[in-house]
Amino acid sequence: MRPFKYISATTGEQALQAAEANEKGKYLGGGTNLVDLMKEDVERPDHLIEVADLEYNSIQENKKGGLTLGAMVSNSDTANHPEVRQKYPLLSMAMLSAATAQIRNMATNGGNLLQRTRCPYFYETSMPCNKREPGSGCGAKKGMNANHAIFGYSDSCVAVHPSDMCVALAALNAEVEVMQTNGKTKMIPFEDFHRLPGDQPEKDTNLGKAELITAIHLPKPIYADHYYYLKIRERSSYAFALISVAAGVQIKNGTIASAGLAMGGVAHKPWKLTKAEKFLKGKQPSTENFERAAAIALEEAKPLSENGYKVPMGEKAIVRALTQAYQREV
Ligand code: SF4
């Protein structure tokens with residue numbers, strides 16, 4: 001690991017100032033991903049700005065009738081919080097499917113949003129990777145890409161986003177609260193927080209320079225009764241999703257009043273299934289409609305040389321997640 005300087009910030013303003021003053025500085029939350037990447041010489045920050053002890057460490061009701069999750073709350077405390085379990089069980093379910101209890105105890109909510117792809121070429125410094133080293137090429141595009149994207153990729157990068165939490169947040173239409181360098185805060189709709197690779201795959205999010213995530217806002221809960229997070233992976237624990245689906249459905253008078261749907265393991269960002277959500281609105285919760293929604297969701301998929309399996313698997317996963325969500329006994 002390369003040497004770095006350590007700064008312990010006690011206020012958000014102090015953290016922002018330190019990040020602005022040190023262009024190669026990085027915020028340090030739980031460190032569960034960043035420190036691994038530093039050990040592998042993938043990340044090379046010259047300053048680590050500790051933000052885990054900042055004040056953004058509570059879970060509270062917000063003005064929209066939802067919950068605000070502090071960025072520094074651990075993933076375990078969030079997933080097990082009584083209000084989250086009761087009102088947003090989809091989020092709890094997704095978060096508890098991720099990593100191990102030990103990692104969830106350390107990982108922060110803000111850090112979860114910023115975790116980096118697990119593309120093996122990204123971790124292997126002897127291989128080309130535009131995300132790690134812009135301009136070096138993409139080893140996965142014509143290499144081992146069985147676990148890579150089927151949507152929204154570019155010639156520069158075909159990686160997928162690894163988070164389970166973020167898939168649920170996309171389905172739930174969350175917003176990310178960010179402190180800017182002028183001290184003001186702004187809200188970013190979750191769908192706009194992460195970005196597609198384009199010709200700048202080194203950028204995972206639309207955060208501006210030095211901007212600090214302070215909270216995640218959840219809207220009024222409408223999927224507390226009918227929800228499911230389906231994660232398909234190569235083994236049953238401590239593995240990232242090949243495909244995942246977060247599904248929430250709101251049923252009124254026997255029809256679907258609203259659906260929240262997103263997929264993981266298929267794109268550079270959590271993949272919101274907007275067209276399928278629109279299709280389901282006002283429909284009967286039937287297998288036929290779930291299958292149609294799944295077909296709509298996969299319509300624009302463009303598999304790579306080794307991941308064609310993700311298209312039928314994705315369709316089946318959506319149908320299964322919607323069915324489980326609908327049939328769930330409250
Ligand atoms: Fe790097 Fe992205 Fe290509 Fe993987 S897919 S090798 S992360 S550029």
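Everything below is about the structure printed above this text.
Attention in this report is confined to the structure presented alongside it.

1. Description of the pattern of salt bridges
And then number 1: All told, the structure shown has 14 salt bridges when counted by the stated rule.
And then number 2: Here Asp204 makes a salt bridge to Arg116, at a shortest N to O gap of 2.9 Å. Within this pair, whereas Asp204 is found in the loop between helix 10 (190-193) and strand 8 (212-217), its partner Arg116 is found in the loop between helix 7 (109-114) and helix 8 (120-123), the two being separated by 88 residues in sequence.
And then number 3: On the accessibility criterion, Asp204 (14% relative accessible area) is buried.
And then number 4: Its salt-bridge partner being Glu300, residue Lys275 comes within 2.6 Å of it at the nearest N-O pair. With Lys275 in helix 11 (residues 274-280) and Glu300 in the loop between helix 12 (287-298) and helix 13 (310-327), this residue pair connects regions lying 25 residues apart in the sequence.
And then number 5: What makes Glu300 exposed here is its relative accessible area of 51%.
And then number 6: Salt bridges here are not isolated pairs; linked through shared partners, they connect Lys26, Glu43, Arg116, Lys131 and Asp204.

2. Remarks on the sheet that holds strand 2 (residues 25-28)
And then number 1: Taking strand neighbours across the sheet as the criterion, the three strands line up as 1-3-2 in an open arrangement whose pairing is parallel. Of all the strands in the sheet, the pair left with one neighbour each is strand 1 (5-8) and strand 2. Going across the sheet, the axis of each strand differs from the next one's by a mean of 25 degrees, ignoring polarity.
And then number 2: As defined by bridge partners, strand 1 adjoins strand 3 (residues 47-50) across four bridges and the pair is classed as parallel. Residue Ile7 lies in a different strand from strand 3, and its bridge partner there is Ile49.

3. Structural notes on the nonpolar core
Soluble, globular proteins show a tendency: their nonpolar side chains are buried together.
And then number 1: In this structure, Leu91, Leu113, Leu169 and Leu218 are the most contacted members of the largest nonpolar core, which totals 49 residues.
And then number 2: For this core, the secondary-structure elements that each account for two or more residues are helix 1 (12-21), strand 5 (67-70), helix 5 (89-96), helix 9 (165-171), strand 6 (175-179), helix 10, strand 8 and strand 9 (227-232).
And then number 3: Top element by residues in this core is helix 9. It accounts for seven residues.
And then number 4: Each of two domains, domain 1 (5-52) and domain 2 (227-327), supplies a minimum of three residues to this core.
And then number 5: Not counting the four nearest positions on each side in its chain, Leu113 is found in contact with His161, Met165, Cys166, Leu169, Val176, Phe190, Phe193, His194, Ile213 and Ile216.
And then number 6: Core analysis: the next-biggest nonpolar cluster, separate from the first, contains 33 residues, Phe151, Leu298, Ile318 and Leu322 among them.

4. Examining the side chain of Arg132
And then number 1: You can see Arg132 is positioned in the loop between helix 8 and helix 9.
And then number 2: Notably, Arg132 is buried but unbridged: the nearest opposite-charge side chain belongs to Glu133, and the N-O separation is 4.0 Å.
And then number 3: Within the structure, Arg132 has its side chain in polar contact with the backbone oxygen of Tyr121 (distance 2.8 Å).
And then number 4: A distance of 2.9 Å separates a polar side-chain atom of Arg132 from the backbone oxygen of Phe122.

5. Looking at the site of the ligand
And then number 1: Taken together, 15 residues sit near the ligand, with Cys119, Cys129, Cys138, Cys157 and Val158 positioned nearest.
And then number 2: Partitioned by chemical class, the residues of the shell around the ligand number 10 nonpolar, four polar and one charged.

6. Observations regarding the sheet that holds strand 5
And then number 1: One open sheet accounts for five strands, arranged 4-5-8-6-7; its pairing is antiparallel. In the strand order of this sheet, the two ends are held by strand 4 (59-61) and strand 7 (185-189), each with one partner. Ignoring which end each strand starts from, the neighbouring axes of this sheet average 25 degrees apart.
And then number 2: Pairing between strand 6 and strand 7: five bridges, direction antiparallel. For Glu175, the partnering residue across the bridge sits in strand 7 and is Pro189.

7. Description of helix 12
And then number 1: Between its terminal C-alpha atoms helix 12 stretches 17 Å, which fits the 16 Å expected from 12 residues at 1.5 Å a residue.
And then number 2: On its buried side, helix 12 packs onto strand 11 (255-264), helix 11 and helix 13.

Thresholds applied
Residues numbered from 1 in each chain as written. Predicted model: local features only at pLDDT ≥ 70, side-chain atom pairs only at ≥ 80, totals over all residues. Heavy atoms only, no water. Salt bridge = Lys/Arg side-chain N within 4 Å of Asp/Glu carboxyl O. Helix = DSSP H or I, 4+ residues; strand = E, 2+ residues; numbered from the N terminus. Buried < 20%, exposed > 50% of the residue type's maximum accessible area, 1.4 Å probe, protein only. Pairing = 2+ DSSP bridges. Axes fitted to C-alpha atoms, helices over the stretch in contact; angles between N-to-C directions. Core = buried A, V, L, I, M, F, W, Y, C linked by side-chain atoms within 4.5 Å. Domains from an automatic or database assignment. Contact = heavy atoms within 4.5 Å. Lys, Arg positive; Asp, Glu negative; His and termini not counted. Polar contact = N/O pair within 3.5 Å; in protein donor to acceptor, adjacent residues only side chain to side chain. Near = heavy atom within 4 Å. Nonpolar A, V, L, I, M, F, W, Y, C, P; charged D, E, K, R; others polar. Expected span 1.5 Å × (residues − 1).

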